[in-house]
Amino acid sequence: MVQFNFKGITVVPSGKEMVDIILSRTQRQTPTVVHKGYAINRLRQFYMRKVRFTQQNFHDKLSAIVDEFPRLEGIHPFYSDLLHVLYNKDHYKLALGQVNTARNLISKIAKDYVRLLKYGDSLYRCKCLKVAALGRMCTVIKRIGPSLAYLEQVRQHMARLPSIDPNMRTILICGYPNVGKSSFMNKITRADVDVQPYAFTTKSLFVGHTDYKYLRYQVIDTPGILDRPFEDRNIIEMCSITALAHLRSAVLFFLDISGSCGYTVAQQAALFHSIKSLFLNKPLMIVCNKIDLQQLDALSEDDKRLVDGMKAEALKTLPIGTDPNGEQQVLMTMSTLTDEGVSNVRNIACERILDQRVEIKMKSKKINDCLNRFHVAMPKPRDGKERPVCIPQQVLEQRAKDQEAEKEKEKRKLEKDLENENGGAGVYSASLKKHYLLANDEWKEDIIPEIIDGHNVADFMDPDILERLEELEREEGLRIAGEEGDDFEIDGDNMTPEEREALNEIRKRKKALIQEHRIKKSTAESRPIVPRKFDKDRQFTTERMGRQLSGLGLDPSKAIERARSRSVSRGRKRERSVAADGAGDDGMEIDNDGKGSNKKLRLRSVSRSRSRSRAPVEEVIPGEGFKDKEQKVKAIKLGKKSVKKRNKDARKGEADRVILNMMPKHLFSGKRGIGKTSRR
C-alpha cells in the first residue's frame, strides 16, 4: 500500500477568493437584522458574534492548509529530498510559515476587537469596530496572497508525482540519456513511457509494476544523468540522484555499447565511477543494451577493459557465499528492439532483490526467535542400492513429442521473422495466398480475373449452382408434401359413392383455399380481417355457408345454429320480468305482452329486469390481492387519505416550482444606499 499520497491535498484558494468565501459565509450564516432600539448588550453580542465567526472560518481554512501539506521532517527522506529538489524546501517552509503567522495574527485581531466591542456604547460604535476587525483580517489574508499562490502551484505539481512506495521491492534503472531505459520499462511493465530518438525525453520519475513468482515489483525509470560536477546538475538529473540515494532497490546501470546514444563507452564508464558511491549495499547489475547493433565480443580492447572494471565493481555487491565468478548475475546483454535477453534481465534483477531481502532478514535479531521453531530433516541412505527414478513410458514418449514439436517450431519461420528479414514493417507485405489449399501449389500466385466476356466472375464461381437450386426446390416440395400429409385424412373405404364424391369435393375446396391463402401471403395481401359492418360484399355469411353445404348434399342447419351460438352478442335489451315460477297455479297471471304501461307495472309491484352493471367498489374481485372486503375498504380509505393533502394544495407536487416569499426579509431589509428607494 502506498504510504505517501499527495493527491488528497485540498485546493488552496487565492487571497481574494478566500476573502470572498469567508465574508459570504459570514453574511449567510449569522444574523443580519439589528435596530438601534435594541439594548446595548444585544448590540454588542450581535457584532461580537460576527467577528468571532469570521475569525473561526479564517482559522479553519488556514489550519487545513498548514496541516494537509506534508512536513519535510515527518516523511520518508526520499520524498523530503525530492520536494527539496523540485520546490526548494526553504521557500516551501517560508510559505507555510507565513500562512501559520497569518492564522495567529487573525486570532489576535479578533481577540482584541472582541475586547473593544465589550465597551461599545452605541450601534454606530459597535458597527465601526466590526468593520475595522473584518478589514484588518482581510488585509492580513491579502498580504499572504503570493504564498497561497505558490502553495497552490506546489500542490498541483505534487498531485502529479508518481506514487512510489520506498519500502516495496524496487528495480531502479539509471544511465546516460537515450541508452534504452524507457524502452526496457515499456517491455517489462504496462507503463507507457514516451520513447524518442533524442536525449532527455524522460524528464521526471516514472513508475511501473511487474510480477515475478507471484510477487509485485516496482520499476522506476529515472531521467538520464550526465557526467559532470554535482553543482552543475539540473533538476531533472537531481531527481535520479535522489532516487539512487534513498531508495532500497536493485540498480540496473544501462550501457550502450554501440555508441548510438551519442556517448562513448569511456564516457559512460566515467559516469559509473562518479556515482558508484550511490550503489553501496544495493544489488548492482551492468546491462549492455543494443546488442543488435554491436555485440559485446566485438568491442575494442580499451572498451572491454572499461566494461571489465565496471563488472568488478558490480561483483562486490554479490551476497557472501555466492559464486565469485557469477558474471551472468552482474553483466548481462540484451536488445529492447528484438526482445533478446529482456526477460532474463528482469528475472535476474528480481532474484537479486529477493536474495538481498532474505540476507537482511537473516542478519536481523528476529531470526533468532524463529530458528528454534524450524527443523530440517535430512534423509540418510539405508543401504548402498541404487534406486533410479521411475518415469512411465507414456511420459517419456510425450516428452519426446514435445521436444520434436519445439524443434519444428524453432525451424519454422514466423511472419515476424520474415518481416524482419525483408525490410521490416511498411516494406514487407505478408502474402495470404500461400495458405490456399489447391490441387497444384503453382496455382497459388496466379492472378484471378474479375471480368470475363463482360460477365462478373464472382457470379459463376460455383459450376453446380443450378443443380443445387433444383435440389433445394425438391427438398422444399417434399417438406410441403409432408406437412400436408400430417393432416387428418378420412378413410373413404366405408363410404357410399355419394359420400365419397362429397368428400372429394370438400378436399378440392380445402386445397383451393390453402392455395389461395399461400398466394395471398406471397403477394403481401395478408391484411387484417375486415369488420362485419364493412363487409359490403357479404362474403362470409351463414346463408352463403348454408347454400354451399346444401349444394354438397349436406344438412346445414346444425352448422348454422352452431355459428350463431358462438357469435358475439351485441347486447341484450331490457325485458319485462314475469312472475316467479314458485308462485304456483294460484299465482296472479299478468299479461306481459308489451302493451301495458310502466305505470300499471308499478301498481302491480312487478319489478323490471335490471341491466348488467359494474360490480360495487368494495366487492373483492379475484386477482386484486385483497383477502376480504374489510381489507379492500381499508386500503381504499388509506389511498384517499394519502392524496388528501395533495388535492388540498391544488394538486401541487414536490417537483413544482414554489416561491414561498416573493421578497425574503434577509435580502430586502437593512440600511439602503443612495438611490435605492424607488418610492420617492
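Anyway, here's the lowdown on the structure attached to this text. (Residues numbered from 1 in each chain as written. Predicted model: local features only at pLDDT ≥ 70, side-chain atom pairs only at ≥ 80, totals over all residues. Heavy atoms only, no water.)

Along the chain, the regular secondary structure elements total 21 helices and eight strands. Sorting the 680 residues of the chain into buried and exposed places 27% on the buried side. Within the chain, counting contacts between residues at least 6 apart in sequence, those at least 24 apart form 67% of the total. As displayed, the chain has an accessible area near 50,100 Å², and 52% of this comes from carbon and sulfur atoms. (Helix = DSSP H or I, 4+ residues; strand = E, 2+ residues; numbered from the N terminus. Buried < 20%, exposed > 50% of the residue type's maximum accessible area, 1.4 Å probe, protein only. Contact = heavy atoms within 4.5 Å. Areas by Shrake-Rupley, 256 points an atom, 1.4 Å probe, with all protein chains shown as cover.)

Here the focus is the nonpolar core. Formed by 109 residues in total, the largest nonpolar core has its most connected members in Phe 69, Phe 184, Leu 252, Phe 253 and Phe 279. By residue number, the principal contributor to this core is helix α4 (residues 89–117), which donates 11 residues. (Core = buried A, V, L, I, M, F, W, Y, C linked by side-chain atoms within 4.5 Å.)

With a phi close to 65°, Asn 88 is a non-glycine residue in the positive phi region. Its location among the elements puts Asn 88 in the loop between α3 (77–87) and α4. Taking the relative accessible area as the measure of exposure, Asn 88 reaches 28% and is therefore partly exposed. The backbone of Tyr 214 shows a phi angle near 65°, a positive value even though the residue is not glycine.

Below, the discussion takes up the pattern of salt bridges. Enumeration according to the criterion identifies 15 salt bridges in this entry. Between Lys 16 and Asp 20 there is a salt bridge whose closest N-O contact spans 3.3 Å. You can see Lys 16 and its partner Asp 20 sitting in helix α1 (residues 15–29), four residues apart, about one turn around the helix. You can call Asp 20 partly exposed: its relative accessible area is 41%. (Salt bridge = Lys/Arg side-chain N within 4 Å of Asp/Glu carboxyl O.)

Compared with the 32 Å implied by 1.5 Å per residue over 22 residues, the 32 Å span of helix α11 (residues 342–363) between its first and last C-alpha is a close match. Among all positions of α11, only Val 342, Val 345, Arg 346, Ile 348, Ala 349, Cys 350, Arg 352, Ile 353 and Gln 356 are buried. (Expected span 1.5 Å × (residues − 1).)

Another aspect to go through is the packing of helix α9 (residues 265–274) against helix α10 (residues 301–315). The contact between α9 and α10 brings their axes to 10 Å, and the two run at 20°. In this view, α9 runs roughly parallel relative to α10, as classed from their interaxial angle. Taken as a pair, α9 and α10 cross one another with a handedness that is left-handed. Judged by residue contacts, Val 265, Ala 266, Ala 269, Phe 272 and His 273 of α9 engage Asp 303, Leu 306, Val 307, Met 310 and Glu 313 from α10. (Axes fitted to C-alpha atoms, helices over the stretch in contact; angles between N-to-C directions. Parallel < 35°, antiparallel > 145°, perpendicular 65-115°, else oblique. Left-handed = near helix turned anticlockwise from the far one by under 90°.)

With that settled, consider the packing of aromatic side chains. Going through the model one piece at a time under the given rule, you end up with eight aromatic pairs. Between the aromatic rings of Phe 46 and Tyr 47, the centroid separation amounts to 4.9 Å while the plane-to-plane angle is 90°, which identifies the pairing as edge-to-face. Each member of the pair, Phe 46 as well as Tyr 47, is classed as buried. Site record: aromatic cluster; members linked through ring pairs are Phe 253, Phe 272 and Phe 279. Positioned above the aromatic ring of Tyr 38 is the side chain of Arg 42, whose terminal nitrogen or guanidinium carbon lies 3.7 Å from the ring centre. (Phe/Tyr/Trp six-rings, centres within 6.5 Å; stacked < 30°, edge-to-face > 60°. Lys NZ or Arg CZ within 6 Å of the ring centre and 35° of its normal.)

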